[in-house]
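Architecture at a glance
Here are the chains, one letter per residue:
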Amino acid sequence: MPPLPRSLDPLPDESLPGYLLRLSYRLGLTPAELGRTSGLVSTNGGHLPRRLVLDPYFAGHPIVKINWSRPIAAQSGPQRRSQCRSDPVGFGRRRAAAANLFSDPRSPGLELPGLSLNEFTQATRLSREEARSLTLSTWRRNYPPIQRWLPPLHGQVPQIDKWILGGLDRYCPQCLAGDDSPIQREYGGPWKKEWHLGIVFACPQHECFLRHHCPQGGQPPDYDRASRLIPFDGFRGLHPTACRYPLPPTARRLRRPPCRARLDQAPLPALRPGPRLLALQHHLLSLLKTQDVNHEVREYFSDLHLLTALITISWPHGSRRVDSIFAAVVGIEADARRTFGGIRVHDTSPIDPIACGAVLDAAHSLLQIDSLRDVLAEFFDSALTGTPARAGWAQIFTKYEKSCSQRLRTAAAPLIRTYSPSPGWAAPRSTRAAGYRAENIPAHLEPDWYARHFQKLDGPTDHKILRRIAAVQLVQWTTQASIPEAARYLGVEAEKALYTEDNTHIWLNSTHEVQEFRIALSGLATELSDRADGLIDYQYRREALRDWCLDPSTWQELTGRLEPLRGKQPALDDRKRQDASVFIWVHVTRGEHLFAPHPIEAEQPLDIQQDWARRRNTTWFQLTRPDPMHHYADLRKALTDYAHQLAADIEAGAVSTRKARTDVT
């Protein structure tokens, strides 16, 4: 791609939107036109997407390519390069041609090649390292929200994280004013990329809080804040430091043009950060920019996010942990969040940088306390008195659980388990940290677990109902999932789980044994926590045997060991191979035979499938009855021995998920 006639060197710590604002102003283009010209967005008139601040590399989109080098009259003059990468020859005519290009899609200067990072670097004369340095991708290893939102790795789904700010929401006026060099006097100083992070609330260089609004009253619309990299990127001629948000609406002004107020001339906030807050900001930035990949840094940031949410949800309980000078500002922020409604609003950085700094300082101080569990319990007991508030923080905790520190997980686990998403099923409050995890729960409770804790209950004649709902509730306690979500995790049909829960609830109320059931369930949870290190990963077994069945050669080997019977020999066909596969699957995964995979049956014609389904329970009864007939007794022993060996092979890693799924024929 031919380079643009003029370019600019990136400023220290500059962000991609700031660079595009300066360069588009210099070229006389709108930021959106520059984005299409340099290959950042497609030619269909789209705006610059917000996620470009993470990484400029997006493959597969067509771009506009302007032929800046088409023959024109040459112009003389020295080529200056002072923080500037330019080709001044013919620039005025090319700028006019660019303006015509965007109004005439048939212009011969258009090309539609595939997009790559090279297109942007060639157009702007930047190296790949310089282009990457404009984005947040350089900090992805240290800051979990960046990792969650970047293009997916290994099939992961990217998650929008509100701790990454959109638009141009925070700024330091003195940084935008520049350093008085010629290039910064003309185009302003850098919009720093660190201002896009919710943990940055102050400018250590100028020892002031960042501003988050326009002094003239420019207001960011919600849709603009959420989706665009640069607000109103279709406007031309705005200075890079000018406010691009519209003024408040008036009766005479239906169309709201950009505010245009110079943010580099805005006054600094009246409140100033003290030495402690400045030290905290220095600390956060040093952790963010460290070159050493350290899981403790990622865990620390996740801990801060979690405790920030806890403080804002429980406000004003946490006011005594916030500097009294800033308590009023935090109170306004907390009230605004409650007015806005919804739990997810608490999983964001406070909008006001002053409130953000005060709450992050309080969260940081909480992490320094030795008895963190007692502090969290105090918040739960004194502030989070309603189920919605506790459940809300539990949902946020679930999001960060894998990335937060083990210390916070241990402290929060017994509190999180006090919340049960199912109405009317309040889980008991445990005095221990949850040592077991969801993967340690079989879909159908182990028989000895049931015998020790639930056998004394005068329950339904079919004990499988209690075994099923107890397993679902144990998963709920450790994940805060709903009943359908926990059931699907265990491989149980959600409809059957809900039906079981409803009927069990009715029975417990009718027999006045609700409390006994909760005590039994809590006792089992405590037992599992006491021996968490020796628990089986049933989820791994379920995954290993998903869509699994005995292959024909193994089936022939197993049945070859059976003692021949006198007279007519029993059928050992594919139907019985399918039923034997179910028997083994149940023993290995400790699931219910009702939810076992049936890959052999699925390959049969519909009429055969229906016939096998009618006979399925009969074979299952013969294999599991206390006094099986001679043939089924021998077959059960062979299948049980094989199941024990298969389980051992799975635990030892000798059977991968792919190998375990054998052919059905």
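Residues numbered from 1 in each chain as written. Predicted model: local features only at pLDDT ≥ 70, side-chain atom pairs only at ≥ 80, totals over all residues. Heavy atoms only, no water.

Right, let's talk about the overall build of the protein chain for a bit. The helix and strand tally for the protein chain stands at 28 helices and four strands. Expressed as a percentage of the 665 residues in the protein chain, the buried residues total 53%. Accessible surface, the protein chain: about 30,400 Å² in total, of which carbon and sulfur atoms supply 51%. (Helix = DSSP H or I, 4+ residues; strand = E, 2+ residues; numbered from the N terminus. Buried < 20%, exposed > 50% of the residue type's maximum accessible area, 1.4 Å probe, protein only. Areas by Shrake-Rupley, 256 points an atom, 1.4 Å probe, with all protein chains shown as cover.)

On to the pattern of salt bridges. Taken as a whole and judged by the stated rule, the model has 22 salt bridges. R437 is the salt-bridge partner of E439, the closest N and O atoms lying 3.3 Å from each other. By relative accessible area, which is 24% here, E439 ends up partly exposed. Close ionic contact of E601 with R616 constitutes a salt bridge, the shortest N to O distance being 2.6 Å. Separated by 15 residues along the polypeptide, E601 in helix α25 (residues 599-602) and R616 in helix α26 (residues 606-624) bring together distant segments of the chain. Linked by salt bridges that have partners in common, D448, R452, E527 and R531 make up one network. (Salt bridge = Lys/Arg side-chain N within 4 Å of Asp/Glu carboxyl O.)

This paragraph deals with the packing of helix α24 (residues 574-589) against helix α27 (residues 630-651). One way to put it is that α24 packs onto α27 with a least axis distance of 9 Å and a crossing angle of 50 degrees. Here α24 is positioned oblique relative to α27, judged by the angle of their axes. Note on packing geometry: the crossing formed by α24 with α27 is right-handed. Between α24 and α27, the residues in contact are K576, A580, F583, I584, H587 and V588 and H631, Y632, L635, R636, L639, T640, Y642, A643, L646, A647 and I650, respectively. (Axes fitted to C-alpha atoms, helices over the stretch in contact; angles between N-to-C directions. Parallel < 35°, antiparallel > 145°, perpendicular 65-115°, else oblique. Left-handed = near helix turned anticlockwise from the far one by under 90°. Contact = heavy atoms within 4.5 Å.)

Once that is clear, we can look at the packing of aromatic side chains. On inspection of all chains with the given rule, the structure shows 10 aromatic pairs. Ring centres 6.0 Å apart and planes at 15 degrees place the aromatic pair Y450 and F454 in the stacked group. Judged by relative accessible area, which is 9%, Y450 ranks as buried. Overall, F454 belongs to the buried group, its relative accessible area being 0%. Put simply, the rings of Y143, Y300 and F301 touch in pairs and so form one group of aromatic residues. The ring of W139 has K193 sitting right over it, with the charged end atom 4.7 Å from the ring centre. (Phe/Tyr/Trp six-rings, centres within 6.5 Å; stacked < 30°, edge-to-face > 60°. Lys NZ or Arg CZ within 6 Å of the ring centre and 35° of its normal.)

Along helix α19 (residues 483-490), the residues that are buried comprise I483, A486, A487 and L490. Burial along α19 is one-sided: seen end-on, the buried residues are contained in an arc of 100 degrees. Where α19 ends, the next residue or the one after it, G491, has phi of about 85 degrees, a positive value. (Arc of directions from axis to C-beta.)

Moving on, we come to the state of the cysteines. Every disulfide links exactly two cysteines, by a covalent bond between their sulfur atoms. Counted by the stated rule, this structure contains zero disulfides. The thiol sulfur of C208 is not disulfide-bonded, and the nearest other cysteine sulfur, from C172, lies at 3.9 Å. (Disulfide = S-S within 2.5 Å.)

Here we take up unusual backbone geometry. Cis geometry marks the peptide bond from W315 to P316; its omega dihedral reads 15 degrees. Within the fold, P316 resides in the loop between α11 (295-313) and α12 (327-340). For F232, which is not glycine, the phi torsion reads 50 degrees and is therefore positive. You can call F232 buried: its relative accessible area is 12%. Of note, the phi angle at R590 is positive, near 55 degrees, even though the residue is not glycine. Mapping R590 onto the fold places it in the loop between α24 and α25.

For the rest of this paragraph, the subject is α26. For α26, spanning 19 residues, the distance from its first C-alpha to its last is 27 Å, which sits close to the expected 27 Å at 1.5 Å a residue. At R615, α26 shows its largest bend, some 40 degrees. Along its buried surface, α26 packs onto α24, α25 and α27. (Expected span 1.5 Å × (residues − 1). Bend = angle between axes of the 7 residues up to and from the residue.)

Relative to the assigned elements, T308 resides in helix α11. Separated by 48 residues in the primary sequence, T308 and C356 have C-alpha atoms spaced 8.7 Å apart. In contact with T308, not counting residues within four places along its chain, are W163, P350, V359, L360 and A363.

Before going further, it helps to spend a moment on the environment of D161. Topologically, D161 is positioned in the loop between α6 (144-149) and α7 (173-177). Under the relative-accessibility criterion, D161 is labelled buried at 1%. Note: C-alpha distance between D161 and T348 (187 residues apart in sequence) is 8.0 Å. Apart from residues no more than four positions distant in its own chain, D161 is found in contact with R50, P145, R148, W149, K399 and Y400.

This part covers the side chain of D361. For D361, the location among the structural elements is in helix α13 (residues 353-367). Not counting the four nearest positions on each side in its chain, D361 is found in contact with R276, L277 and L280.

Moving on, we come to the confidence of the model for the protein chain. Detailed reading of the predicted coordinates is not advisable wherever pLDDT falls low. For the protein chain, per-residue confidence averages 76 on the pLDDT scale, and 73% of positions sit at 70 or higher. The least confident element of the protein chain, judged by mean pLDDT, is helix α3 (residues 91-103) at 38; the most confident is strand β3 (residues 202-203) at 95. Contacts for the low-pLDDT stretch residues 87-115, under 50 throughout, to residues beyond four places or in other chains number 62 contacts. (pLDDT = per-residue confidence, 0-100.)

Counting through the fold element by element, E592 comes out in the loop between α24 and α25. Given a relative accessible area of 4%, E592 falls into the buried group. A distance of 2.7 Å separates the side chain of E592 from the side chain of R468, its partner in a polar contact. Apart from residues lying up to four places away in sequence, E592 is in contact with H444, K464, R468, W585 and V586. (Polar contact = N/O pair within 3.5 Å; in protein donor to acceptor, adjacent residues only side chain to side chain.)

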